[in-house]
Amino acid sequence: MVIAQALGERGIPVVLGGDGPHRRYLQEAGYSVRHVATMPQERMDRFVERGEYGFYDAAWVDRCVRSERKLIRSLRPGLVVHDMRPTAAISARLEGVDDARVTQAYNQPGYPLSIPLPLSFSTEAGPFEAYLRERSREARSTRTFWLLADIPELHPPGSGAPGYHYVGPLLASPVEPSRVEILDEGWDLSLPLIYLTTGSSGRYPEYLAPLLAAATAGPFRWLVTTSGRWTGSVSSDRVRVVPFLPGDWILRRASALVGVPGIGAIYQAFKAGVPVIGAPEHLDQEYHLDRVEALGLGIKLDRRRLEPEVILGAVAEVTASTAAYRSRCRTFAGHVAKWEGGRVAAALIESHLHRRGLPYRIETGFLVREREFVPYLAACTPDSLTEPAIRRMLERNLTREIPHRRRDGEVWFDRVDSWNWLYDHEPEFFEADYRACEARRAAFLESDGAGWRCRTPWQRYRMRYSLRLDTRALSPGQRLKLFLPHPITRPRVQEPVRLVRTEPADLQVALAESLGFLYGYTFAADPAAPVREFSYETELTVREQRWPDPVLEPRSDEGGPRAQDLAVDPGLADRPEVRCFLAGLDLPAEVADETRARAIYQALAGSKRLRRTRDHSQGQTYCAVAVLTENGGHCITLSRAFAALCRLGGIPTREVAGALLGYPAGQGRYVARSLGEPLFGHTWTEIYLQSRGWVPVEFHGIATAAHALTGENVADPSIHRQILSRSQSYLDYYFGSVDPMRVRCSSSAMEIPEFLVERPAYPPGDRRRWQWSEEVGFSCALEVECL
């Protein structure tokens, strides 16, 4: 209801769905409440009392989903918002509606504090995954985001996964009258007030009668809310019992919150600056009360030993240390006061509704000023796009909805989606890239009538890689370590590889050929020379791998497939997106590996576009799901999605990393440049076929395939015709073949940064002593000359 009220303030219509005893409160508040099959609280309580969380079985999942889908179909909402209804996520997915999930922050990926699970709690997805798996053909692509009804001071941030947003506690704040009779009249107001809540669910509060009997003689007043779960009576002028009263009203007068509190009551206590004495009954109460005690904001009790003397002893301990507890609680109250959970959640929901279905969006972490975005684009585009030309292009497109913001009198662009927008909508941008890439390809590839092949089967290069660092933000003498990727030797593919020279000369001693790096070279920041450049020159020969030319079995130094080449994330095969994709291939179970791999490749390459993405993870499951649910990806996500799908079919795969030759820069010369991004990051895949050994599969062809055309990004009719005529032949070539326009390096180049900075605060043996630092600006360049 807190979220619904805030959405109403923004003029967004809301319909509430659910059933149970609280429904009438929502109706009295003026909301339309539709019936939806709802798990009875009594059933949940019976399971939780035994320490079990299996109250949803297959029958209940089906019952709830059927009811939810019926309501969704009748309303056709723009978004489904839900909290304690795991079936709602399934229903939204099956009906193709986005959903927002209200949850607590300890559920976010990478939550930094360990959560010990009780032995009786099963973390298996159980009937929910089984239900969705059985209906995977009905599942549709949707977007999900999470509203974390917490503050980071209670439950700190996790790994920064996309879609998880702190909104703060969702607290209702009914207007309090000037006097509340049951609180302010008829008893001794000089005695400290203790607020006891039994909670609205869980075990029967059998501890309450003996506790209140003992409390009648103590030095406190007690106000007890029972949610109607206790019907006893107390004849004392120091104890009052009511079914319900707004917690805010009580806590403004109280010295402590006691009982079995849920997160709502706990945050009400935080807001009022009141310590908490709680006994957990549900799993979430365990986590919250662990944090309450760890932060010195109260005491956690054992629900199994919730006896009068234990509770009264804790109350005495807290009230005896009132000053210390009050000080910490008031500080924490300041953290809570910064949040308006309903309004924050409503703003996020409204933002999602406005950009729903749009391929472009702006995210704060990717914003750069125009004066930074222009050289960034100039570095990663052909020389024909000069900085003045790029400025004119950006100015022209400000009226065409290129993603941007105006802030403090400046224009800011999004490094990811402003680039994507230009690639999709600006002919000057797309055509410049296409012409340069075709000029490069023309120097290496020729048509043989049936497809493409290299003009020569191998090419010898002299290659210069340079890294430029700006260390002005560092302290004098602060040390840095360099890790420069270096080409590796691969028999019959890339050999020989010979380091010619380095600058400075002593950088050469850092060469670790087997690792594929100039590894661990250390130097100190010098204010007299804040900008340093490091480089090396290497000569190497790169050979074309071509299908269907014979490929010998791998030699022993390369090795055949290993167990890790078939490793698949648990549960990946049961993801609805994966099941739908594989079912759509319509392949017989015993189809040959080559046929299966080619079908997977063609299905992906024939439908996906080249796009820059905001990947907070590049794991196997993430890449597979992202590629299958979006309309494109980049080389890493596409390659890893392809590899995962092949492995599910029993086809070994391995990842290959390297650098693509840059744009043409004269006869037989190519240059690639980058500002703040690595150059050795291009990725493709090799699959293992029994009759042929390791065979390359490269998604580079999608950059110039027919579906790269958007209807707005090409103005030259000759380019349009050329893309259409060459589309399939490029895709065909890159299944099984790979040209010598890419230089292989160690796959570790995807994980190891170009440099680390020493943090002196850490002891010498601590691995965290060396860390990546955004304070150091860097650029890199790869210049290649054909010999």
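For clarity, every value in this text was computed on a predicted model and none was experimentally measured.

Caption draft 1: Representation of the packing of aromatic side chains. In the structure shown here, the tally under the stated rule is 29 aromatic pairs. Ring geometry for Tyr601 and Phe699: centres 5.2 Å apart, planes at 50°, overall tilted. Of the two residues, Tyr601 sits in helix H20 (residues 593-605) while Phe699 sits in the loop between strand S30 (693-697) and helix H23 (717-733), which places them 98 residues apart along the sequence. Phe699 shares its class with Tyr601; the two are buried. Chaining the aromatic ring pairs together yields one cluster made of Trp419, Tyr423, Phe429, Phe430 and Tyr434. The ring of Tyr25 carries Arg24 above its face, with NZ or CZ at 4.4 Å from the centroid. One Lys or Arg, Arg221, reaches over the ring of Trp187 and ends 4.9 Å from the middle of that ring.

Caption draft 2: Quick peek at unusual backbone geometry. With an omega of -15°, the peptide bond between Glu495 and Pro496 qualifies as cis. In this structure, Pro496 sits in strand S20 (residues 494-503). The step from Glu503 to Pro504 runs through a cis peptide bond, and the omega angle for that step is 5°. Turning to its location among the elements, Pro504 is positioned in the loop between S20 and strand S21 (511-512). The backbone phi angle of Arg76 is positive, close to 50°, even though this residue is not glycine. Overall, the relative accessible area of 45% leaves Arg76 in the partly exposed class. Its identity is not glycine, yet Glu401 carries a phi of approximately 70°, on the positive side. When you line up the elements, Glu401 lands in the loop between helix H16 (387-397) and strand S14 (404-407).

Caption draft 3: Inspection of empty space enclosed by the protein at higher detail. For the coordinates displayed, the defined rule picks out three cavities of 30 Å³ or more. As a volume, the largest cavity reaches approximately 50 Å³. Breaking the lining of the largest cavity down by element, the ones donating at least two residues are strand S23 (531-543) and strand S31 (742-745). A per-class count over the lining of the largest cavity returns four nonpolar, two polar and four charged.

Caption draft 4: Local environment of the state of the cysteines. For the coordinates displayed, the defined rule picks out zero disulfides. Of all cysteine sulfurs, the one in Cys786 lies closest to Cys454, which takes part in no disulfide; the gap is 11 Å. The thiol of Cys623 is unpaired, and the distance to the nearest cysteine sulfur, on Cys635, comes to 10 Å.

Caption draft 5: Seen up close, the environment of Gly18. The topology assignment puts Gly18 in the loop between strand S1 (16-17) and helix H2 (23-28). Separated by 50 residues in the primary sequence, Gly18 and Glu68 place their C-alpha atoms 9.2 Å from one another. Among all residues touching Gly18, those that are not within four sequence positions of it are Arg23, Val33, Arg34, His35, Val36 and Thr38.

Caption draft 6: Broad picture of the pairing of strand S4 (residues 99-103). The buried fraction of S4 is high, at four of five residues. Considered for its hand, the β-α-β crossover made up of strand S3 (residues 80-82), helix H5 (residues 86-95) and S4 is right-handed. Where S4 lies against strand S5 (residues 144-148), five bridges are found, and the strand directions are parallel. Across the sheet, Val102 pairs through a bridge with Leu147, a residue of S5.

Caption draft 7: Fine view of the packing of helix H18 (residues 427-444) against H23. For the pair H18 and H23, interaxial distance at closest approach is 13 Å and the crossing angle is 50°. Here H23 runs oblique to H18, going by the angle between their axes. Crossing of H18 against H23: the hand is left-handed. Contacts between H18 and H23 involve Phe430, Glu431, Tyr434, Arg435, Glu438 and Arg441 on the former and, on the latter, Ile719, Gln722, Ile723, Arg726 and Tyr730. Grouping the amino acids of the contact of H18 with H23 by side-chain chemistry returns five nonpolar, one polar and five charged.

Caption draft 8: Here's a closer look at the pattern of salt bridges. Counting across every chain of the model gives 64 salt bridges. Here Glu372 makes a salt bridge to Arg369, at a shortest N to O gap of 4.0 Å. According to the relative accessible area criterion, Arg369 is partly exposed, its value standing at 25%. Sharing partners across several salt bridges, the network here consists of Arg460, Arg462, Arg498, Arg501, Glu537 and Glu539.

Caption draft 9: Region of interest: the packing of helix H8 (residues 208-215) against helix H12 (residues 308-320). Contact geometry for H8 and H12: axes closest at 9 Å, N-to-C directions at 50°. With respect to H12, the element H8 is oriented oblique. Every pair of crossing elements has a handedness; the one defined by H8 and H12 is right-handed. Residues Pro210, Leu211 and Ala214 of H8 pack against Pro308, Ile311 and Leu312 of H12.

Caption draft 10: Fine view of the pairing of strand S22 (residues 517-524). Both strand S19 (residues 479-485) and S22 contribute to a ladder of seven bridges, which runs antiparallel. From the neighbouring strand, Lys481 faces S22, where its bridge partner is Thr522. The antiparallel pairing of S21 with S22 creates a hairpin that spans four residues between the two strands, and Gly516 there sits at a positive phi of about 80°.

Caption draft 11: Here's a closer look at the sheet that holds S19. Spatial ordering of the open sheet is given by S21-S22-S19-S32-S33, a layout of five strands whose pairing is antiparallel. For this open sheet the edge positions go to S21 and strand S33 (770-771), each flanked by a neighbour on one side alone. Relative to S22, S21 runs antiparallel, the two sharing two bridges. If you follow Ala512 over to S22, its bridge partner there is Phe517.

Parameters and conventions
- Residues numbered from 1 in each chain as written.
- Predicted model: local features only at pLDDT ≥ 70, side-chain atom pairs only at ≥ 80, totals over all residues.
- Heavy atoms only, no water.
- Phe/Tyr/Trp six-rings, centres within 6.5 Å; stacked < 30°, edge-to-face > 60°.
- Helix = DSSP H or I, 4+ residues; strand = E, 2+ residues; numbered from the N terminus.
- Buried < 20%, exposed > 50% of the residue type's maximum accessible area, 1.4 Å probe, protein only.
- Lys NZ or Arg CZ within 6 Å of the ring centre and 35° of its normal.
- 1 Å grid on protein atoms, 1.4 Å probe; cavity = no way out; pocket = protein on both sides within 12 Å on 5 of 7 lines; lining within 4 Å.
- Points joined across faces, edges and corners; volume = space filled by probe spheres on them.
- Nonpolar A, V, L, I, M, F, W, Y, C, P; charged D, E, K, R; others polar.
- Disulfide = S-S within 2.5 Å.
- Contact = heavy atoms within 4.5 Å.
- Right-handed = clockwise from strand over helix to strand, strands pointing away.
- Pairing = 2+ DSSP bridges.
- Axes fitted to C-alpha atoms, helices over the stretch in contact; angles between N-to-C directions.
- Parallel < 35°, antiparallel > 145°, perpendicular 65-115°, else oblique.
- Left-handed = near helix turned anticlockwise from the far one by under 90°.
- Salt bridge = Lys/Arg side-chain N within 4 Å of Asp/Glu carboxyl O.

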